[in-house]
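Given next are the chains, with one letter for each unit.
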Amino acid sequence: MRELPAPRPAVNQHIDENNAMVISHNTIYQSCFEQITQDNTAENAIIMLDPYGTAPLSAYAGIWSAGACEIDLVIQDVAQTAEAVEHTWSLEAGANLVPVLGLLADTENKVTLSIGGNVVASYIIVTTPLPATDSADVQLGFPVIEVTQAVTDVDKMASGLYFLTLFDRYNFALDQAGLVRWYVTQDLPSFNLLRLANGHFLATSEAKNTYLNMYEFDMMGRVYTVYILDNQFHHSIWEWTEHRVVAPSEYTNGRPDALKTNEDGVSIVDLTTGLEVAYYDMTAVLDPTRTARPSGTAPGEDPTVKDWLHINQSYVNQTNNLLIASGRHQSAIFGVDMETAELRFIMSTHEDWNEALQPYLLTPVDSDGHPLYDFSQQEDIDAADRDFWTWGQHNVVEIANAEPGIVEFIVFDNGNFRSRDDSKSLLPPDNYSRVVQFIVNLNNMTVMRPFEYGKELGPRGYSSCVSAKEIQQNGNIVVHFGDCTFDENGRAISCQPGESDVIDPQEGSEAMGRLLLQEIDPSSKTVLFEVTFSSGYFKDEATNGEGYRYDITGFRIYKMNLYA
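Since this is a predicted model, take the numbers as computed values, not measurements. Positions within a chain are numbered from 1, following the residues in the order the chain's sequence is written. Given that the model is predicted, a residue must reach a pLDDT of at least 70 before its local features are reported, and side-chain atom pairs must reach 80 or more before they are shown or counted; all residues, however, enter totals for whole chains, interfaces and linings. Hydrogens are left out, water is left out, and the side-chain values use all remaining heavy atoms of the structure.

### What to know about the pattern of salt bridges
The salt bridge definition used is simple: a Lys or Arg side-chain nitrogen within 4 Å of an Asp or Glu carboxyl oxygen. All chains considered together, the criterion is met by 23 salt bridges. Put simply, Glu-276 and Arg-8 hold a salt bridge, and the shortest N to O gap is 2.7 Å. Taken together, the positions of Glu-276 in strand S20 (residues 275-281) and Arg-8 in the segment before strand S1 (14-15) put the pair 268 residues apart, joining distant regions of the chain. For the residue pair Glu-276 and Arg-8, the accessibility class agrees, reading buried in each case. Its salt-bridge partner being Arg-255, residue Asp-257 comes within 2.9 Å of it at the nearest N-O pair. What makes Asp-257 partly exposed here is its relative accessible area of 37%. A relative accessible area of 10% means that Arg-255 is categorised as buried. Connected via shared salt-bridge partners are Asp-387, Asp-413, Arg-418, Arg-434, Arg-449, Glu-452 and Lys-455. Labels follow the DSSP assignment, with helices taken as runs of H or I lasting at least four residues and strands as runs of E lasting at least two, numbered in each case from the N terminus. Only protein chains enter the accessibility calculation, which uses a 1.4 Å probe; a residue is then buried when its area is under 20% of its type maximum, exposed when over 50%, and partly exposed in between.

### Examining the side chain of Asp-264
Tracing the chain through its elements places Asp-264 in the loop between strand S18 (244-249) and strand S19 (265-270). Although buried, Asp-264 forms no salt bridge, and the nearest oppositely charged side chain, Arg-255, lies 4.0 Å from it. Between N or O atoms, a polar contact is any pair within 3.5 Å; within protein, one atom must be a potential hydrogen donor and the other a potential acceptor, and residues adjacent in sequence are included only when both atoms are from side chains. At 3.0 Å, the side chain of Asp-264 forms a polar contact with the side chain of Trp-308. Any two residues having at least one pair of non-hydrogen atoms within 4.5 Å are treated as being in contact. Setting aside its immediate chain neighbours within four residues, Asp-264 contacts Ser-249, Arg-255, Tyr-279, Tyr-280, Asp-281, Met-282, Thr-283, Trp-308, Leu-309 and Ile-311. We count Lys and Arg on the positive side and Asp and Glu on the negative side, and we leave His and both chain ends out.

### Describing the environment of Val-269
In this fold, Val-269 is placed in strand S19. On the basis of relative accessibility, which here comes to 0%, the residue Val-269 falls in the buried class. As for Val-269 and Val-245, which are separated by 24 residues in sequence, their C-alpha atoms are 5.5 Å apart. Not counting chain neighbours up to four residues away, the residues in contact with Val-269 comprise Gln-13, Phe-233, His-243, Arg-244, Val-245, Gly-274, Leu-275, Glu-276 and Val-277.

Structure below.
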């Protein structure tokens, strides 16, 4: 491992060895094992539904095996209305706790076990209903789920289920019929969900000590580790190596200098110790005095603390030894050297950067390397702002490219304003969000855009914050327009008018989210499947407070197997 910048001194950062939930779950796990006797062969398994009380659609099958062998599971509702979940599990000699995943809520589920191709037993598991949705009595409820375009060609679909995490609501997974096949309760954080290489999840959230408690848990809802952080992991978590994660961070309790800023650094933490091993302070890299666009202070935050950068995603590009980060409030994606923390490039509109940073700005080019715009002309500046650059972007994710000097990624362009001039900015009902692929050439400081998708949806897909996408192994793109919000008249609105967008004089006084999940074929930009998520309940400021526009939001989307 190359030498990295120094970490911040630890104050109270550690692994919580005395965490009550971890201790309880360890005890439950051991108790489940101890229930299994030699009588509990596959023909007489013990079925333990939701043993931790945190994953109502997950169960253990307690099985004693005389020797090592493989057992096949088929999980489906008794009425066979849903797609079957099939999985092969390797039994060890003695007691085994086999996860049974993919149960449907509020129904009789049948679990069939086979060994060597022969069915040995079937079990019926009756599950409880899904949690309540929003109402006058329920806040942060389970989403209302509507399939708005069903799958018509199964062969074109990527394999797996759709995993989503709705802010401080729920982590859950849907099948290709829009049916919930897994979720965990609100005992576990839901916001920046990440599945690690070991199959476990890592997450923080506002509801869990304001992003200062990071949980590691599995599909059964078992919590393995709780990390106590000195400084918030307030957005994405990215796994770099087996034991190291990268995440946007900040000086949560105040910077060591006179600056009052937040969300403007990147932390690397060792999961084996819970300690930070490196920190990148972006106030030393970019210009904290450049006017933020979009901007905004979240409800409840200190308005005197300057959120000038608002890093929401970071990852390591190993080919060029760069830390890549997305700064929402500068509408910029940038790269810094991993060892020196020196700036390498800025992908953003060329307006308003100080003279020292201008050499790092990229020139947009076509596939032949010819410049697309003449930035000495105001109409070309405006055209690039409207059509090329990203605004308030999220979820910059690497596309593998081993060529030195080349950085390739895909990003969710939220599209806030699409100009640094209010008079040229777009109102939410006239705007759109999109998925965009970029190829940065560090050798000649250019950037090319081979692919984009989202303009086609217009304001129906406009998402003024959050959102994500993922490229699948078959090339499909799964995208979650994670903050599509509308007033009582069906007009697209912003999460923070005047800060995330220009103020719309025609907008109503109520807000409800209608988030889009799509799987698309990028070659034809054909929608293969679409689901709409809603809270089902309009909010207003008088009843729900100043944050009522953040009705229902989704920060992550994955398509992956229930069994890691």
